[in-house]
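So the chains spell out like this:
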Amino acid sequence: ATPAATMVGTTIGAQNGVLFKGGDILERAKDVDTVVFDKTGTLTEGEMELTDVVVFDSVASETQRTDGAGGSVDADDNPITDGGGATDGGQLAAPDRLTEDDVLRLAATAEHGSEHPLARAIVEGAKARGIEVSDPENFENVPGHGVRATVEGSEVLVGNRKLLRDEGIDPSPAAATMERLESEGKTAMLVAMRDSERSENRDASGDQPRAAGKLLGVVADADTVKESAKDAVSALRARGLDVMMLTGDNERTARAVAEQVGIDPANVRAEVLPEDKSDAVEAIQDEGRRAMMVGDGVNDAPALVVAYVGCAIGSGTDVAIEAADVTLMRNDPLDVVKAIRISDATLAKIQ
Ligand code: ADP
Ligand code: MG
């Protein structure tokens, strides 16, 4: 492209809130054949809200009160969680059993140490229910998996299945509940506890202390899909581009969100750890694709760097903006289409 054409394109971009970091970027954008969207904060608003609290009868699962098959109680046999009604749990619970508020208090206190949007939603949701949320006695972030904290003298875990499994706690009694919430597009998190005395012996005494872990319940957060996300996806597809989604969230939640915005489930890459996002983009490009990665978070920065074109969206994080080739000033996924159209139009003019 001539310097003049490039300047016109760059200027038109800027007038539309699409900032190209240089003329070469403007030229490249038209050659993109695959757009990879981060999910949270990019396709969704990124403002989580607590939606569900489900109590598990951990006393029953320890004593195998029901049929005892397989050593675990299926969530659907559980009178507290039956019907999926979060609100009737408290009424049915015997006095020595945990209530929803107990589970939420423990989860929120553990999450009080975290800045993660999932954590904030749990804390805010607890406060909105009149629960007092204090600081955990000890706190540890487990990136991409959850948190571990000491609350009221016990170790509390809040996070995904992997977090519990790594701690030797079987998440399968919550499987049906988790799957139901995830197929609604929510992020469901397990809440578990173990008395601190046993957890200290964890490494020394092999398998035995694994029994000490207790599944207490499940909490779920939901995010809303951005209004224009679906239109952006369909406009990109109409231009012949492949559209993909990349997220640390679990497969089922990711697919439910993909379905809402019109992304083919086969194009979803879920459960990608923060440090693996750039590898995921490289793997996509190793298939011979030219990818535009669109993301908003610190987590996304390395992926923006390796992408053929890296695109930071919204007020985003400074780190993402710095790593990006293109910055979309508005928080609107349709501006991704605009960026590609401006590139196309600018270069078409001079051919
Ligand atoms: P995303 O890419 O969607 O921002 P992350 O990589 O931060 O996701 O986290 C991946 C998954 O790890 C989450 O979907 C959640 O299941 C779990 N997780 C991460 N942080 C927390 C937390 N503070 N509390 C509970 N679960 C968490
Ligand atoms: Mg994000």
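The coordinates are above.
What you see is a predicted model, and the numbers here were worked out from it, not measured in a lab. (Residues numbered from 1 in each chain as written. Chains lettered and ligands numbered in written order. Predicted model: local features only at pLDDT ≥ 70, side-chain atom pairs only at ≥ 80, totals over all residues.)

**Q** Account for the nonpolar core, naming residues and giving values.
**A** One finds Val 35, Val 36, Met 292, Met 293, Cys 311, Val 326 and Val 336 to be the most contacted residues of the largest nonpolar core, which totals 51 residues. Once residues within four sequence positions are removed from consideration, Val 36 is found in contact with Met 244, Leu 246, Val 281, Ile 284, Ala 291, Met 292, Met 293 and Val 294. By size, the runner-up hydrophobic cluster in this structure holds 42 residues, among which are Leu 98, Val 123, Leu 164 and Val 218. (Core = buried A, V, L, I, M, F, W, Y, C linked by C-beta atoms within 7 Å. Buried ≥ 20, exposed ≤ 12 C-beta atoms within 10 Å, placed from the backbone. Contact = placed C-beta atoms within 7 Å.)

**Q** Could you give an account of helix H13 (residues 277–286), naming the residues involved and the relevant values?
**A** For H13, the complete set of buried residues consists of Lys 277, Val 281 and Ile 284. The arc enclosing the buried residues of H13, seen along the axis, measures out at 55°, which places them on a common side. Exposed residues lying more than 90 degrees from the buried face of H13 are Ala 283 and Asp 286. Looking one or two residues beyond H13, the residue adopting positive phi is Gly 288, at roughly 90°. (Helix = DSSP H or I, 4+ residues; strand = E, 2+ residues; numbered from the N terminus. Arc of directions from axis to C-beta.)

**Q** Please provide a residue-by-residue account of unusual backbone geometry, values included.
**A** The backbone of Glu 152 shows a phi angle near 50°, a positive value even though the residue is not glycine. Along the chain, Glu 152 turns up in the loop between strand S5 (146–151) and strand S6 (154–159). We classify Glu 152 as partly exposed; it has 13 C-beta atoms within 10 Å. Phi at Glu 271 is positive, roughly 55°, even though this residue is not glycine. Residue position: Glu 271 is located in the loop between strand S10 (268–269) and H13. With 16 C-beta atoms counted inside 10 Å, the residue Glu 271 sits in the partly exposed group.

**Q** Lay out the packing of helix H6 (residues 100–111) against helix H7 (residues 117–128) in plain terms, naming residues and giving numbers.
**A** A packed helix pair is summarised by two numbers, namely the angle formed by the two axes and the spacing between the axes. Axis separation between H6 and H7 bottoms out at 8 Å; the angle between their running directions is 135°. Between H6 and H7, the angle is such that the two are oblique. Considering only the axes of H6 and H7, their crossing is left-handed. From H6, Leu 104, Arg 105, Ala 107, Ala 108 and Glu 111 reach across to H7, where they touch Ala 119, Ile 122, Val 123 and Ala 126. For the contact of H6 with H7, the residue count by class is seven nonpolar, no polar and two charged. (Axes fitted to C-alpha atoms, helices over the stretch in contact; angles between N-to-C directions. Parallel < 35°, antiparallel > 145°, perpendicular 65-115°, else oblique. Left-handed = near helix turned anticlockwise from the far one by under 90°. Nonpolar A, V, L, I, M, F, W, Y, C, P; charged D, E, K, R; others polar.)

**Q** Can you lay out the site of ligand 1 for me, pointing to particular residues and giving the numbers?
**A** Around ligand 1 lies a shell of 21 residues, among which His 116, Ala 119, Gly 146, Asn 160 and Gly 248 are the nearest. Broken down by secondary-structure element, the contributors of at least two residues to the shell around ligand 1 are helix H3 (39–43), H7, S5, S6 and strand S7 (187–195). Counting the residues that make up the shell around ligand 1, at least three belong to each of domain 1 (3–46 + 225–349) and domain 2 (49–222). (Near = placed C-beta within 6 Å. Domains from an automatic or database assignment.)

**Q** So, the pairing of strand S4 (residues 138–142): which residues are in play, and what are the values?
**A** A regular strand places its side chains so that they alternate between the two faces of the sheet. Alignment of S4 against S5, held across five bridges, turns out to be antiparallel. Residue Asn 138 lies in a different strand from S5, and its bridge partner there is Thr 150. Here S4 folds back onto S5, and the loop between the two strands holds three residues, one of which, Gly 144, carries a positive phi near 80°. (Pairing = 2+ DSSP bridges.)

**Q** Describe in detail the pairing of S7, supporting the description with residues and values.
**A** Taken across its nine residues, S7 has eight buried, putting it largely inside the fold. Across six bridges, S6 lies against S7 in antiparallel orientation. Along S7, the bridge assignment pairs Val 158 with Val 191. Pairing of S7 with strand S8 (residues 214–222), which is carried by seven bridges, proceeds in the antiparallel orientation. Paired with Met 193 across the strands is Lys 214, a residue of S8.

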